[in-house]
Each structure stands twice: as C-alpha cells, then as structure tokens.
Amino acid sequence: MNLSEIFSQEHPMVDGVFIASDISEHENQIQTNEAFSEKWLKYNNEENEKQERLFEFQRNWYLKLYGFQSEEELKQYLEKQSVVLDAGCGLGYKAKWFADLSPGTLIIGMDYSDAVFAAKQKYTNTENLVFVKGDIADTKIIDGVVSYVSCDQVLHHTEDPQETIYELYRILCEGGELAVYVYAKKALPRELLDSYFRKRTKNISSNEMWKLSEQLTELGKRLSEMRKDFDVPDIPLLGIKGGRMSVQRFLYWNFIKCFWNANLGWETSVSTNYDWYAPSNAERYSQEEFLMMLSNVGLRQEFIHTEEACHSGRFVKD
Ligand SMILES: C[S@@+](CC[C@H](N)C(=O)[O-])C[C@H]1O[C@@H](n2cnc3c(N)ncnc32)[C@H](O)[C@@H]1O
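Reference entry: report on the structure contained in this document. Everything numeric in this text was worked out from a predicted model, so none of it was measured. (Residues numbered from 1 in each chain as written. Predicted model: local features only at pLDDT ≥ 70, side-chain atom pairs only at ≥ 80, totals over all residues.)

1. Some thoughts on the site of the ligand
Now for step 1: Residues in contact with the ligand amount to 23 residues; listed here are only the nearest, F36, G88, G90, Y112 and S113.
Now for step 2: A total of four residues in the shell around the ligand trace back to one element, the largest contributor, which is helix α1 (residues 27–43).
Now for step 3: Grouping the constituent residues of the shell around the ligand by class yields eight nonpolar, ten polar and five charged. (Near = placed C-beta within 6 Å. Helix = DSSP H or I, 4+ residues; strand = E, 2+ residues; numbered from the N terminus. Nonpolar A, V, L, I, M, F, W, Y, C, P; charged D, E, K, R; others polar.)

2. A short note on helix α8 (residues 206–225)
Now for step 1: Taking 1.5 Å per residue as the helical rise, α8 with its 20 residues ought to reach 28 Å, and the 28 Å between its terminal C-alpha atoms agrees with that figure.
Now for step 2: Among the residues of α8, those classed as buried are S213, L216, T217 and G220. One side of α8 holds all its buried residues, which, seen down the axis, span an arc of 105 degrees. Turned more than 90 degrees away from the buried face of α8, the exposed residues are N207, E208 and E225.
Now for step 3: Packing partners of the buried residues in α8 comprise α9 (247–254) and α10 (266–277).
Now for step 4: Just downstream of α8 lies R227, where phi reads positive at about 45 degrees. (Expected span 1.5 Å × (residues − 1). Buried ≥ 20, exposed ≤ 12 C-beta atoms within 10 Å, placed from the backbone. Arc of directions from axis to C-beta. Contact = placed C-beta atoms within 7 Å.)

3. Quick word on the packing of α8 against α9
Now for step 1: One way to put it is that α8 packs onto α9 with a least axis distance of 7 Å and a crossing angle of 145 degrees. Each of G220, L223 and S224 in α8 lies in contact with α9, whose residues at this interface are V247, Q248, L251 and Y252.
Now for step 2: Across the contact of α8 with α9, the residue classes break down as four nonpolar, three polar and no charged. (Axes fitted to C-alpha atoms, helices over the stretch in contact; angles between N-to-C directions.)

Spelled out as structure tokens, the structure:
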C-alpha cells in the first residue's frame, strides 16, 4: 500500500517528513507540542549509549503494557499487519523497532512536535518507515485503512482524549486493534499539586522548567540515597496506599514527582521529570474512566494492564 491510498490528501514534505498538520488551534496543545519539541530535541543530544538504555527499557516495558510475551510474539503479530500507525511517535525509536521487526508492514510514525524531524534524520534508510508531522486527533488518514494503532504514552497529552479515540477508531479497519496507554490517577495530594502546577505551566519559561526538573531529580536522588524503607499506613480517603516502601517512593507516588533512576542516569531522569511537569495537557484516569472512553466508541477489550503509574491495553474494532 502506498501513501496516496492512506491519506485523504497530498501532504507537503519538509526534510523528508510529510506535514499533515503543523499547528494546533488549541492553546494547551500548542504549549504541549512546544514542550515535547524542546524535550526531545534536547534529549536527542544525549549520548547514544544512554539513549539506547532508555529505549531498551521502553521496548521491554512495551511488551508488558500490551500483553506480548516476547519480542518474537510482537514480531509475529506485526507481520500480520499491513499498515501500522505509531500515534505520537516522539523520537521514533518504537516505529523503527516495528519497522525492523516486520519489513513487509508499512509503519507510519506521527507526532505533533518537531521530534519527527530528528526521528527522520536518525532513521533515514528504513524503506517501510515514514514520518508525518500531524495531530493524531485529526490524522487525515482515510477510514479503515490502518490495522494496528500503537498510541503509547500519548493519549492524555492530546486536547480531548475521547475525541482522539474516536479518530483512531475511525481509521482502524475491521478487526484492527488499538494499543493505548494513559496515566493513572495518583493519591489526592499528588493530584492536587500536579493539577495546580499544570495550570501555571504555560507561564513558566523552558529554562525555568529545566531548572525545576533538575531540582526535582536532585531531590529524588537524595531521597533514594537515604536508603530508608518504612511501613506506610493506609490512608484510603487520600488515596494513599500502605505498605513497606522507601521514603523516595512514598513522596513520589503521593506528593511530588521526583524521578530518579541511577541506572538510566542524570539526563534521562531530568528529562523524565520535565516530561511530567512541562506539558499543559496531561490528564490522569481511573481504570474505570479509561475503559469507559474505549467502550464509548465500541472498542472491545482484548488485553488490559494496570500498574501504579498507568493503565494500558489492546482494544479491537469488531
Ligand atoms: C511521552 S511522549 C511518548 C512518545 C513515544 N510514544 C514513546 O513512547 O516514546 C508523548 C508524545 O506525544 C506527542 N503528542 C502529544 N499530543 C499529540 C497530538 N495531538 N498528536 C500527535 N502527537 C502528540 C508529543 O509530541 C510527544 O512526542
């Protein structure tokens, strides 16, 4: 299948990237795109070896999030697909992974940020992989031509996640599947801080935001280095779950995102904190709210996964 059979119109090309849509009409989506352009283009300068460590971690996590027992199982799954959309592909490493696993499948990586240009530059010579700058809530793709949409860690950043799901449903063929992930709601104190802070995000310069992300990383690092575990009591009305945990995890899940992972290193940890607080659009959901958005459009649940940070799953268009 070639691109003219997939998109409803011809798109101009800039630096090898098809431009389906360049700018949003929504203030928060514009800010979100700018935050991710900033994040990814900066992270793209990180040493390859450190980037690869994150990408490896992400690929393994992907298998777990969407119910693939192994990379081989994902490969066999992708080989049955004709067209795959990596909806919100960021730096494109998952789109590239899919393309390598299944050379007979056309993989489209779409993102609304400038990260797509870096992705295209990095993965120039993969014939079955194309990058498109565009809004996954208005893909300009013809009805029913995509057999697998992977929307990993993106939906909650779109302007109206329910509308985005309608759009992804529209472009799926019968029997096609949507793999999708959303942030989970956290304990009340953390939710209050996150919501309050995000209203102000638009007025904070990217320099200040990077500085904040470094400070939060330093906080997470120092708390981790305390190596102190303790027994947290259950406080159900505030959504605080009891159990044995470190001081860093207790504060992280219940009060403030202060990510630190010694294995992934400083830059990746800073970038993870930036990713959390910088975009204006970053909705959180209970599992029930997540499943409701999918059943509202008529998608059938094939696989569901929930962990502290997120809900994810694969959903079929019958
Ligand atoms: C946390 S990143 C995840 C990137 C990638 N899926 C991954 O797993 O590495 C979220 C991405 O969603 C993109 N995004 C947010 N809203 C979007 C929209 N409406 N259309 C396309 N991409 C969007 C951002 O630009 C960003 O690259």
